[in-house]
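Here is what each chain is made of, one letter per residue.
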Amino acid sequence: MIGSPDTSVRLLQVTDPHLFGDETRKIYGVTTAVSLRKVLAEAFAPGTPRPAAILVTGDVADDHSAAAYDNFRRALRPYDVPVFCLPGNHDEPGLMVDLVDGDGFQYGGTAVFGAWGAVFIDTHVPGRPEGRVEQKELSRLELALQAFGDRPILVCLHHPPLSVGSAWLDGVGLRNAKELLAVIERYPTVRAVLGGHVHQEFERRHGHSLVLATPSTCAQFTPLTEHCVMDLRPPGYRWLELLPDGQVRTEVRWLQDWEVADRPPDDRF
Ligand SMILES: [Fe+2]
């Protein structure tokens, strides 16, 4: 267990870092290794309460390289906080299970954060940008929800299960969101669903669950657009506080130490 069941647990979410083996590489004008390091430096700045764990909701690597995952571990390790990872559409689950599991890192599975249970879901579809929760994962989720009993639950995954109102992003969303939501709706203990993928801030209540998505630690997409339009907002991250009574307090932060020089190209996601 991380934290204590009697007190709230503070977590840091970073998502979609899109790292490369070559740490000088950029997407949309952003050097992803630099922006991730700046996010971590700000989140762990002196005077800021330390998180009990870091949640990384996918798109860790952009170039399918083992070196990108090594770079990820190297960027996170100095903070000496347990890191929980799951795969995004850009990731290679076969590499992640070897390279980001063990020695302070966990790939997939479940966790206990104070009074809460957490389940990390794989939505990766090989070679495709959209997501899918395979039957095996759905069954694992349901078994975990049963095993956690009365605990409030945080479900983490890459592709959010709700429309974000951008036609192009919804087109690469979670294909069988209805099936996942049907499971979640049967378990009132599921109080929060936390994702990435959409590179923007998103928060919507769905029944008993708060569905959240979080800006990337690199480049952002403009909300509510039909086609991909990059957003000039800085890298972002999210704080979560899981209260023992099942409430969640959360806020997105945008990196302060950041300058966007030029509008980056809009031709890639
Ligand atoms: Fe991404």
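Residues numbered from 1 in each chain as written. Predicted model: local features only at pLDDT ≥ 70, side-chain atom pairs only at ≥ 80, totals over all residues.

**Student:** Help me understand the overall build of the protein in this model?
**Tutor:** Scanning the protein from terminus to terminus reveals six helices and 16 strands. For 269 residues, the compact-globule estimate of 2.2 N^0.38 gives 18 Å, and the protein sits close to it at 17 Å. For the protein, the C-alpha atoms occupy an extent of roughly 50 × 40 × 30 Å along the three principal directions. When the 269 residues of the protein are sorted by exposure, 44% land in the buried category. Residue pairs in contact within the protein that sit at least 24 positions apart in sequence constitute 69% of those at least 6 positions apart. (Helix = DSSP H or I, 4+ residues; strand = E, 2+ residues; numbered from the N terminus. Rg over C-alpha atoms; globule rule 2.2 N^0.38 Å. Buried ≥ 20, exposed ≤ 12 C-beta atoms within 10 Å, placed from the backbone. Contact = placed C-beta atoms within 7 Å.)

**Student:** Help me understand the sheet that holds strand β15 (residues 236-242), please; the structure alone is not making it clear to me.
**Tutor:** Within a sheet, each strand pairs with its neighbour through backbone hydrogen bonds, oriented either parallel or antiparallel. Pairing within the open sheet is mixed, and its six strands lie in the order β6-β5-β4-β1-β15-β16. On the outer flanks of this sheet lie β6 (105-107) and β16 (248-254), each paired with one strand and no other. Mean inter-strand twist for the sheet, computed between neighbouring axes without regard to direction, equals 20 degrees. Of the strand pairs in this sheet, β15 and β16 are connected by seven bridges, and their pairing is antiparallel. Bridge pairing in β16 places E241 opposite R249. (Pairing = 2+ DSSP bridges. Axes fitted to C-alpha atoms, helices over the stretch in contact; angles between N-to-C directions.)

**Student:** Looking at this structure, I do not really get helix α2 (residues 66-76). What am I missing?
**Tutor:** Helical geometry note: an α-helix holds 3.6 residues per turn, so side chains three or four residues apart project in the same direction. When we look at burial in α2, the residues that qualify are A68, Y69, N71, F72 and L76. Down the axis of α2, the buried set is contained in an arc of 155 degrees. They therefore lie on one face. Buried residues belonging to α2 abut α1 (32-43), β4 (53-56), β5 (83-85) and α3 (93-99). (Arc of directions from axis to C-beta.)

**Student:** What am I meant to see in the sheet that holds strand β10 (residues 190-195) here?
**Tutor:** Spatially, six strands are ordered β7-β8-β9-β10-β12-β11 in an open sheet, and the strand pairing comes out mixed. Edge positions in the sheet fall to β7 (109-113) and β11 (202-206), since each has one partner strand and no second. Going from strand to strand, the sheet's axes swing by 20 degrees on average, the running direction of each strand aside. Pairing of strand β8 (residues 116-120) with strand β9 (residues 153-156), which is carried by four bridges, proceeds in the parallel orientation.

**Student:** What is the right way to look at the environment of H208 in this model?
**Tutor:** The residue H208 is located in the loop between β11 and β12 (209-213) in this model. For H208, a count of 15 C-beta atoms within 10 Å puts it in the partly exposed group. For H208 and V190, which are 18 residues apart along the polypeptide, the C-alpha to C-alpha distance reads 7.0 Å.

**Student:** Would you take a moment to explain the pairing of β15 for this structure?
**Tutor:** Residues in a regular strand point their side chains to alternate faces of the sheet. Burial analysis of β15 places five of its seven residues in the buried class, the great majority of the element. Pairing of strand β1 (residues 9-14) with β15 involves five bridges; the strand directions are antiparallel. Note on β15: the bridge partner recorded for L12 is W239. With antiparallel pairing between neighbouring strands as the criterion, β15 and β16 make up a hairpin whose turn holds five residues, including G246 at a positive phi of roughly 95 degrees.

**Student:** Help me understand the environment of P215 in this model?
**Tutor:** When you line up the elements, P215 lands in the loop between β12 and β13 (220-221). Here the alpha-carbon distance between P215 and P51, two residues 164 residues apart in the chain, equals 18 Å. Residues within four places of P215 in sequence aside, it is in contact with H199, Q200, E201, Q220, R233, G236 and V252.

**Student:** Help me understand the environment of T214, please; the structure alone is not making it clear to me.
**Tutor:** With respect to the secondary-structure elements, T214 resides in the loop between β12 and β13. The class of T214 is buried, set by 29 C-beta atoms lying within 10 Å. Remark: the alpha-carbon pair of T214 and D22, spanning 192 residues in sequence, is separated by 25 Å. Residues contacting T214, with those up to four places away along its chain left out, are Q13, T15, G196, E201, G236, Y237, R238 and V252.

**Student:** Help me out: how do you make sense of the nonpolar core in this one?
**Tutor:** Within soluble globular proteins, side chains that are nonpolar generally end up buried alongside one another. Counting 69 residues, the largest nonpolar core has C85, V100, I121, L154, V155 and C156 as the members making the most contacts within it. Top contributing element to this core by residue count: α1, with five residues. Not counting residues up to four positions away in its chain, the partners in contact with V100 are V60, Y69, F72, R73, C85, F105 and Y107. (Core = buried A, V, L, I, M, F, W, Y, C linked by C-beta atoms within 7 Å.)

**Student:** Help me understand the packing of helix α4 (residues 135-148) against helix α6 (residues 177-186) in this model?
**Tutor:** Each pair of packed helices gets described by two things: the angle between the helix axes and the distance between those axes. Packing of α4 against α6 brings their axes to within 10 Å, and their N-to-C directions diverge by 10 degrees. By the criterion of interaxial angle, the relationship of α4 to α6 is roughly parallel. When α4 is examined against α6, the residues L138, L141 and E142 are found in contact with a partner set consisting of E179, L180 and V183. (Parallel < 35°, antiparallel > 145°, perpendicular 65-115°, else oblique.)

Keep in mind these values describe shape, not function.
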